[in-house]
Amino acid sequence: FAVAFCVIWAFIERGRWYWWSVCGTTALVLTTYFGVQISVWLNNWYGNFYDLIQRALTQKGSVELAEFYSQLASAAYVLIPYIIFLVLLDFFTSHYLFRWRRAMNNYYMSYWPLVRGIEGAAQRVQEDTKKFADIVESLGLAFVRSVMTLIAFLPLLWMLSEKVTSYPLVGEVSAGLVYLAILSAALGTVVLAAVGYKLPGLEFENQKVEAAYRKELVYGEDSQERAQPPTTRELFENVRSFYFRYYLHFLYFNVARYAYLQGSTFIPFIALGPTIVAGVITFGVFQQIMNAFNQVDRKSTRLNSSHSSVSRMPSSA
């Protein structure tokens, strides 16, 4: 499907950035899918490994040393090539992101004669193109990985739900772990979006006063009549005022963010309470459920709490 997509797009529009924008993005999506599948494999491996440990600790002599090390070796066979893959992927991603910056820089510069008089125009060209490249990495790739993680782990949570006897307050629920993971991730999305929706706009205002202050200082390098103390004090006071307002809004966002991050950790423990007390699952199955739940929930949380990248989105955006 990926190869067909690239071939079809080559006939639709094969511009200058075709290989990086179309083929490069497709390659990143495929490698992200590969990484998610490794996470699924590791989740199953940990389940079997922890069951082996539980059996070794509770039934003396039931596990031989060769079997134990064989389990560890099976992980090494997968993880050592995966580490090499991650190194190469980071190298490719760095080049991919710089192409984003280069394309945006060229676009900006094509309008430079028209926009050079706008305050902060130089910052838009130099600094914001770099920030946008970082945003592509922190949000774009994170979004793709979050969606793929959701797709990959929900069937596993559905299967593991069969091993959970009941849930607090509601009792027995078919596919309860699936509903719980989706509800927790959705709750984090709604809460963090609601309390942090003002942050990008405030950061935009901060960039404007920063640009004004920086521009006056640059003029002062070339002319002694510019950047005089009264002017710089007034401009820096504007910077201070806007940032203090930003910090105030950031305060209640962090209250919601850290409360959710810490609280969501205990959700699966609470949900699995009756099952754990009943002793109907092994330690390996417990670890599988916890890891699968956290994979779905935490990937969504990281994406939602990446407001620092969103709030620093280029002003031109």
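Please refer to the structure placed before this passage.
So, here's what we can say about the structure. Just so you know, these numbers come straight off a predicted model, no measurement behind them. (Residues numbered from 1 in each chain as written. Predicted model: local features only at pLDDT ≥ 70, side-chain atom pairs only at ≥ 80, totals over all residues. Heavy atoms only, no water.)

With that settled, the discussion passes to the packing of aromatic side chains. For any pair of aromatic rings, geometry is given as the distance between the ring centres together with the angle between the planes. Across all of its chains, the model carries 23 aromatic pairs by this definition. Between Phe-49 and Phe-68 the ring centres are 5.5 Å apart and the planes differ by 40°, which places this aromatic pair in the tilted class. Here Phe-68 lies in helix H3 (residues 65-110) and Phe-49 lies in helix H2 (residues 18-58), a separation of 19 residues in the sequence. Given a relative accessible area of 27%, Phe-68 falls into the partly exposed group. Here the aromatic residues Trp-45, Tyr-46, Phe-49, Tyr-50, Phe-68, Tyr-69, Phe-269, Phe-283 and Phe-286 are joined through ring pairs into a cluster of three or more. Between the NZ or CZ atom of Arg-257 and the centre of the ring of Tyr-258, over which it lies, the distance is 4.7 Å. (Phe/Tyr/Trp six-rings, centres within 6.5 Å; stacked < 30°, edge-to-face > 60°. Helix = DSSP H or I, 4+ residues; strand = E, 2+ residues; numbered from the N terminus. Buried < 20%, exposed > 50% of the residue type's maximum accessible area, 1.4 Å probe, protein only. Lys NZ or Arg CZ within 6 Å of the ring centre and 35° of its normal.)

Before going further, it helps to examine helix H8 (residues 229-271). The end-to-end C-alpha separation of H8 is 62 Å, in line with the 63 Å expected for 43 residues at 1.5 Å each. Taken as a whole, H8 carries its principal kink of about 25° at Ser-264; the proline Pro-268 stands between one and four residues after it. (Expected span 1.5 Å × (residues − 1). Bend = angle between axes of the 7 residues up to and from the residue.)

Take a nonpolar patch on the surface next. Taken together, the side chains of Phe-1, Phe-5, Ile-8, Trp-9 and Ile-12 define a hydrophobic patch exposed on the protein surface, amounting to about 610 Å² of accessible area. As for its position among the elements, Phe-5 is in helix H1 (residues 2-12). (Patch = residues over 30% accessible without salt bridge, like charges linked within 9 Å, V, L, I, M, F, W, Y side chains within 5 Å. Areas by Shrake-Rupley, 256 points an atom, 1.4 Å probe, with all protein chains shown as cover. Salt bridge = Lys/Arg side-chain N within 4 Å of Asp/Glu carboxyl O.)

Inspection of the secondary structure puts Arg-16 in the loop between H1 and H2. For the pair Arg-16 and Ala-103, spaced 87 residues apart in the sequence, the C-alpha separation amounts to 9.6 Å. For Arg-16, the residues in contact, after removing those within four places along its chain, are Arg-102 and Asn-106. (Contact = heavy atoms within 4.5 Å.)

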